[in-house]
Amino acid sequence: MTEQTEKSDAFVFFGASGDLAYKQIFPALQSLMRRGRLDMPVIGVAKSGWNLDQLKERARASMQEHGGVDEEAFARLSANLHYVDGDYRDPATFEQLKRELGGATRPLHYLAIPPSMFSVVAEGLAHCGAADDGSRIVVEKPFGRDLASAKELDESIHRFFPEHSVYRIDHYLGKEPVQNLLYFRFANSFLEPVWNCHYVESVQITMAEAFGVEGRGKFYDEVGAIRDVVQNHLLQVAVLLAMEPPSSYETEAVRDCKIAALRAMRPLDRASVVRGQFRGYRSESGVAHGSQVETYAAGRLHMDNWRWAGVPFCIRAGKCMPVTATEVLVTMKRPPMSVFREVVSPHSNYFRFRLSPDIVISIGARTKVEGEPMAGEDIELVAHEDPGDDTPPYERLLRDALKGDSSLFTREDSVEASWRVVDPVLGDATPVHEYEPGTWGPREADELTADIGGWHDPAGTHTA
């Protein structure tokens with residue numbers, strides 16, 4: 001195997017005392033250990049004044065709160081667990097880490113820390129000899145705050161780690177229903193003939209959350225909906241819907257098709273974006289008085305290529321919506337003439353992909369109602385799959401990173417291409433409109449879909 005595909009022989013995670021480790025990393029490590037996929041040293045690094053026993057106590061508390069403790073798997077994880085306490089700017093911290101690594105030569109370094117510390121840690125790893133060929137580094141989103149800062153961040157990391165060793169993790173890409181979008185598109189021959197501007201009227205993607213910022217006001221007020229979910233999650237879903245068929249499922253073949261779709265996206269402008277803020281947001285702890293940060297964003301994307309010319313991709317995400325659900329609606333064009341002279345809903349023929357909380361793939365069609373008149377009704381043909389006990393995204397992504405499989409991670413050019421799309425509408429480029437909690441956002445957003453029959457509002461729960 002090449003160095004890019006050799007399995008890692010140690011797992012190091014910075015920010016071991018932090019929230020992300022507590023909620024996601026520890027449970028994923030226990031699951032990997034239970035499945036026999038983590039036979040290596042596991043080294044936590046933080047500046048908390050802790051010792052190894054305290055790290056183990058933290059790990060156990062994490063398991064108890066997130067899925068339960070598997071005593072056998074946890075015992076094996078504890079036996080492999082090491083801890084380094086120290087400042088990330090202190091070379092002594094990395095010298096101790098090097099000692100804990102022992103003979104490991106292909107460590108995977110997970111940076112569950114703020115992006116401002118990425119280059120500091122990368123430099124520390126390089127200086128202690130823990131960034132040699134075969135080592136990898138995993139960094140969490142956000143990958144910058146705009147196009148310029150994303151480029152700066154990449155340059156700072158590339159001083160010590162080449163691009164093939166950098167794994168930009170976006171847990172959303174590891175979700176089973178998101179992967180199912182890619183599979184459904186290219187595993188079924190009936191879809192391709194109609195998946196283009198000749199048959200598709202419009203595409204809508206809605207990511208609704210019924211809750212607010214949940215005590216994360218300070219963080220959210222520095223980010224906003226566009227940076228938090230539009231630039232990454234929603235654009236990635238749009239890419240899966242819009243990309244051309246890859247020649248194979250080989251990592252770079254899929255990535256190349258994704259970046260081609262991103263580059264075909266026309267950058268958003270002020271006329272194609274509506275921002276909103278739910279009433280009461282400015283009273284949240286940590287939120288600035290008079291904040292103009294959006295908790296809702298809607299946009300109308302266009303693809304400048306032959307397949308999608310003239311087809312609007314309408315995307316929106318918001319907090320304090322009526323339901324928590326993520327759904328895609330691909331509406332097909334009406335028949336060229338109305339044989340039965342009916343008044344038909346603009347959303348009669350469609351493909352619907354529900355990504356959360358349940359997984360649904362359905363097709364909208366019309367059938368004749370019983371009786372003498374040639375009249376019809378809208379029906380939905382549903383294939384429903386309960387998500388059940390599927391592999392959690394962090395477990396899947398950590399497993400892939402340890403194997404050297406980068407297919408579910410974001411490439412440098414993809415990050416920059418997505419920032420190019422949203423860069424013109426970041427900050428205060430557009431006004432913020434207030435909306436009532438429990439509604440579908442500001443009414444100004446309705447103008448974005450007025451010519452395609454309005455927004456499709458996902459239901460709270462699915463009923464077949």
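Residues numbered from 1 in each chain as written. Predicted model: local features only at pLDDT ≥ 70, side-chain atom pairs only at ≥ 80, totals over all residues. Heavy atoms only, no water.

S.K.: Quick question: what am I supposed to make of empty space enclosed by the protein here?
M.R.: Think of a ball as big as a water molecule: rolled over the atoms, this probe shows where empty space is left. Applying the stated rule across the entire model yields seven cavities of 30 Å³ or more. Considering the residues around the largest cavity, the lining is formed by L173, Q236, R255, K258, I259, L262, S407, F409, T410, R411, D413 and S414. Going through the elements one at a time, α10 (251–264) and α12 (412–422) are the ones with two or more residues in the lining of the largest cavity. Counting residues per element, the lining of the largest cavity draws most heavily on α10, which supplies four residues. Partitioned by chemical class, the residues of the lining of the largest cavity number four nonpolar, four polar and four charged. (1 Å grid on protein atoms, 1.4 Å probe; cavity = no way out; pocket = protein on both sides within 12 Å on 5 of 7 lines; lining within 4 Å. Points joined across faces, edges and corners; volume = space filled by probe spheres on them. Helix = DSSP H or I, 4+ residues; strand = E, 2+ residues; numbered from the N terminus. Nonpolar A, V, L, I, M, F, W, Y, C, P; charged D, E, K, R; others polar.)

S.K.: Any chance you could explain the sheet that holds strand β4 (residues 107–111) here in plain terms?
M.R.: Reading across the sheet, the six strands line up as β3-β2-β1-β4-β5-β6 and stay open at both edges, with parallel pairing between neighbours. Edge positions in the sheet fall to β3 (81–85) and β6 (166–169), since each has one partner strand and no second. Across the sheet, the mean angle separating the axes of adjacent strands is 20 degrees when strand polarity is ignored. As paired strands, strand β1 (residues 10–14) and β4 are joined by five bridges and run parallel to one another. Along β4, the bridge assignment pairs V12 with H109. Against the sheet, helix α4 (residues 91–101) engages β1, β2 (42–46), β3 and β4, with an angle of about 165 degrees to β3. (Pairing = 2+ DSSP bridges. Axes fitted to C-alpha atoms, helices over the stretch in contact; angles between N-to-C directions. Contact = heavy atoms within 4.5 Å.)

S.K.: Looking at this model, I keep getting lost on the packing of helix α2 (residues 52–65) against helix α3 (residues 71–80). Mind explaining?
M.R.: Relative orientation of the contacting elements α2 and α3 amounts to 155 degrees, with a least axis distance of 11 Å. The pairing of α2 with α3 is recorded here as roughly antiparallel in orientation. The two elements α2 and α3 cross, and the hand of that crossing is right-handed. Side by side, α2 and α3 meet where K56, A59, R60 and M63 of the first sit next to E71, F74, L77 and S78 of the second. Within the contact of α2 with α3, the residues separate by chemical class into four nonpolar, one polar and three charged. (Parallel < 35°, antiparallel > 145°, perpendicular 65-115°, else oblique. Left-handed = near helix turned anticlockwise from the far one by under 90°.)

S.K.: How do you make sense of the packing of aromatic side chains when you look at a structure like this?
M.R.: Within a pair of aromatic rings, the relevant descriptors are the distance that separates the centres and the angle that separates the planes. Evaluation of the coordinates by the stated rule reveals 16 aromatic pairs. Where F11 meets F13, the ring centres are 5.8 Å apart and the plane angle is 20 degrees; that geometry is what we call stacked. Take F13: its relative accessible area is 0%, and that puts it in the buried class. Geometrically, the ring pair formed by W195 and F351 is edge-to-face, given 5.8 Å between the ring centres and 70 degrees between the ring planes. You can see W195 sitting in the loop between α7 (176–187) and β7 (200–208) and its partner F351 sitting in strand β12 (residues 350–356), a full 156 residues away along the chain. The residues W195 and F351 share a single accessibility class, namely buried. Among the aromatic residues, those joined into a cluster by ring pairs are F184, F190, W195, W308, F313, F351 and F353. (Phe/Tyr/Trp six-rings, centres within 6.5 Å; stacked < 30°, edge-to-face > 60°. Buried < 20%, exposed > 50% of the residue type's maximum accessible area, 1.4 Å probe, protein only.)

S.K.: I keep staring at the pattern of salt bridges and nothing clicks. Help me out?
M.R.: Should the charged atoms of two oppositely charged side chains come close, the side chains can pair. Inspection of the entire model under this criterion finds 30 salt bridges. The salt bridge involving E192 is made with R307; its shortest N-O contact spans 2.8 Å. Of this pair, E192 sits in the loop between α7 and β7 while R307 sits in the loop between β9 (296–301) and β10 (313–318), placing them 115 residues apart in sequence. Across the salt bridge formed by R263 and D413, the nearest N and O atoms sit 3.9 Å from each other. Highlighted residues: R263 in helix α10 and D413 in helix α12, separated in sequence by 150 residues. Taken together, the shared-partner salt bridges in this structure form one network comprising E252, R255, D256, R263, R411 and D413. (Salt bridge = Lys/Arg side-chain N within 4 Å of Asp/Glu carboxyl O.)

S.K.: Teacher, can you tell me more about the side chain of Q231 here?
M.R.: Relative to the helices and strands, Q231 resides in helix α9 (residues 224–242). Overall, the relative accessible area of 7% leaves Q231 in the buried class. Looking at Q231, its side chain comes within polar contact range of the side chain of N232, at 3.2 Å. Excluding anything up to four places from it in sequence, Q231 contacts I226, V415, S418, W419 and V422. (Polar contact = N/O pair within 3.5 Å; in protein donor to acceptor, adjacent residues only side chain to side chain.)

S.K.: Mind showing me how you'd approach the pairing of β4 here?
M.R.: One face of the sheet, then the other: side chains in a regular strand alternate in exactly this way. In terms of burial, β4 is a largely internal element, five of the five residues being buried. Burial along β4 is two-sided: the residues P107, H109 and L111 and L108 and Y110 are all buried. Taken together, β4, helix α5 (residues 118–127) and strand β5 (residues 136–140) constitute a β-α-β crossover, and its handedness is right-handed. (Right-handed = clockwise from strand over helix to strand, strands pointing away.)

S.K.: Can you help me understand the environment of L52 in this one?
M.R.: Counting through the fold element by element, L52 comes out in helix α2. On the basis of relative accessibility, which here comes to 30%, the residue L52 falls in the partly exposed class. Through-space distance from the C-alpha of L52 to that of E222 is 34 Å; in sequence the pair is 170 residues apart. With near-sequence residues (within four places) excluded, L52 lies in contact with L81, H82 and Y83.

S.K.: Can you help me understand the environment of S348 in this one?
M.R.: Positionally, S348 belongs in the loop between β11 (325–332) and β12. Once the C-alpha coordinates of S348 and K333 are considered, the two residues, 15 residues apart in sequence, prove to be 9.2 Å apart. Those residues within four positions of S348 in sequence are excluded, and the remaining contacts are G364, A365, R366 and D378.

S.K.: I'm lost on the pairing of β1 in this one. Help?
M.R.: When you tally the buried positions in β1, you get five out of five residues, the bulk of the element. Side chains of β1 alternate between two faces, with A10, V12 and F14 and F11 and F13 buried alike. Bridging between β1 and β2 involves four bridges; their strand directions are parallel. Considered in β2, the bridge of F14 is made with V45. The parallel pair β1 and β2, bridged by helix α1 (residues 19–34), forms a crossover whose chirality is right-handed.

Purely geometric numbers; function is a separate question.
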